[in-house]
Every structure is written in structure tokens, then in C-alpha cells.
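# Report on the structure
What follows is the residue order along each chain.
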Amino acid sequence: MKKIPNAVGPYSAYRLAGDFLYISGQIAINPETQEIEETTVEGQAKQVMENIKAILENNGLTTANVIKTTVLLDNIDDFVAVNNIYAEYFTEPYPARSAFAVDKLPKGVLVEIEAIAYFGK
């Protein structure tokens, strides 16, 4: 089982509901140290995606099972950089996705991504 980051509040990192796995917004916490080590948006996006991938794998899924994501950005100008990292983890048919710039993210991170995966076919 791959290690995943601890939640930073009173919530679960993920929850199963029927044929769906709901993954809470992941930030760039290194699961080995429980610290945010990356300072660039690219580095943070990669760590976020690795955290999502670990949660999926711990539940017998892959990124191919992801049907919807929501991307939250500290700065909308980082959209292309995050999109480039995001594209390394998904293939067609890509998940549905929303992306928003927000005022602030937990722990001052630059990106947060949540996901919904489907166990069915």
C-alpha cells in the first residue's frame, strides 16, 4: 500500500460510495514527510498528481478510472503549467474537469486538485 498524505483537517482523504471513489482536494504534501517541499507550481502539481495516483492505486484503480476533477489554482496564469503536468497523468477519454482561480489555498499552496473515480465499466 502506498503512503498518502494525512488530511489537514477534520475530513477524509477519500471516501468510497457505491461504485465511486471521492478523493478530497489534494495539495502538494509529501506523504513521507507530511510537509510541503515543492515551491514551484509545476513541482506542486506533480506532487498533487502523485498523491491522487497513490490513493487510486491503494483502492485498486488507476487514473483511467477518474471521471471528474476539479483544479483550484492560486493564480489562473498557472493554468498552462498545471495543465502540462496534468496531461502526463491522463489519456483519452480524459476526465471531465473544472478549473478555478481562488483567493487562497490551504497552507499557501499554489494548486489543489480533487477527483472522482468510478469502479464500474
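Preceding this section is the structure that the text describes.
Residues numbered from 1 in each chain as written. Predicted model: local features only at pLDDT ≥ 70, side-chain atom pairs only at ≥ 80, totals over all residues. Heavy atoms only, no water.

A tally of regular secondary structure across the protein gives 2 helices and 7 strands. Against the 2.2 N^0.38 benchmark of 14 Å for 121 residues, the protein shows a C-alpha radius of gyration of 13 Å, consistent with a compact globule. Taking the principal axes of its C-alpha atoms as reference, the protein extends roughly 35 × 30 × 20 Å. Expressed as a percentage of the 121 residues in the protein, the buried residues total 40%. In the protein, once contacts between residues fewer than 6 apart in sequence are set aside, the share between residues at least 24 apart is 75%. Just so you have it, the protein exposes about 6700 Å², and 51% of that area is on carbon and sulfur atoms. Averaged over its 10 positive side-chain charges, the protein has a centre that lies 7 Å from the centre of its 16 negative ones. (Helix = DSSP H or I, 4+ residues; strand = E, 2+ residues; numbered from the N terminus. Rg over C-alpha atoms; globule rule 2.2 N^0.38 Å. Buried < 20%, exposed > 50% of the residue type's maximum accessible area, 1.4 Å probe, protein only. Contact = heavy atoms within 4.5 Å. Areas by Shrake-Rupley, 256 points an atom, 1.4 Å probe, with all protein chains shown as cover. Lys, Arg positive; Asp, Glu negative; His and termini not counted. Charge placed at Lys NZ, Arg CZ, Asp CG, Glu CD.)

A word on the nonpolar core. One finds Ile52, Leu56, Val111 and Ile113 to be the most contacted residues of the largest nonpolar core, which totals 27 residues. Those elements that place two or more of their residues in this core are β2 (20-26), α1 (41-58), β5 (66-73), α2 (79-87) and β7 (111-118). The element best represented in this core is α1, accounting for 8 residues. (Core = buried A, V, L, I, M, F, W, Y, C linked by side-chain atoms within 4.5 Å.)

Attention now moves to the sheet that holds β7. If you walk across this open sheet you meet the 5 strands as β1-β2-β7-β5-β6, and the pairing is mixed. Every interior strand has two partners, whereas the edge strands, β1 (14-17) and β6 (96-101), have only one. Adjacent strand axes in the sheet meet at a mean angle of 10° when their direction is disregarded. Judged from the 4 bridges that link them, β1 and β2 form a sheet pairing that is antiparallel. Looking across to β2, one finds that Ala17 is bridged to Phe20. Helix-sheet contacts for α2 involve β5, β6 and β7, and the interaxial angle to β5 is about 150°. (Pairing = 2+ DSSP bridges. Axes fitted to C-alpha atoms, helices over the stretch in contact; angles between N-to-C directions.)

Along the chain, Thr69 falls in strand β5. Within the structure, the side chain of Thr69 is placed 2.8 Å from the side chain of Tyr86, a separation counted as a polar contact. In contact with Thr69, other than residues within four places in its own chain, are Tyr86, Phe90, Pro95, Ala96, Arg97, Ser98, Ile113, Glu114 and Ala115. (Polar contact = N/O pair within 3.5 Å; in protein donor to acceptor, adjacent residues only side chain to side chain.)

Attention now goes to the packing of aromatic side chains. All told, the structure shown has 3 aromatic pairs when counted by the stated rule. Pairing Phe20 with Tyr22 gives two aromatic rings, centres 6.2 Å apart and planes at 40°, and the pair type is tilted. What makes Phe20 partly exposed here is its relative accessible area of 28%. For Tyr22, a relative accessible area of 40% corresponds to the partly exposed category. Residues Phe20 and Tyr118 carry aromatic rings whose centres are separated by 5.0 Å and whose planes lie at 40° to one another, so their mutual orientation is tilted. Residue Phe20 is found in strand β2, and its partner Tyr118 is found in strand β7; the two are separated by 98 residues along the sequence. The class of Tyr118 is partly exposed, set by a relative accessible area of 27%. (Phe/Tyr/Trp six-rings, centres within 6.5 Å; stacked < 30°, edge-to-face > 60°.)

Purely geometric numbers; function is a separate question.
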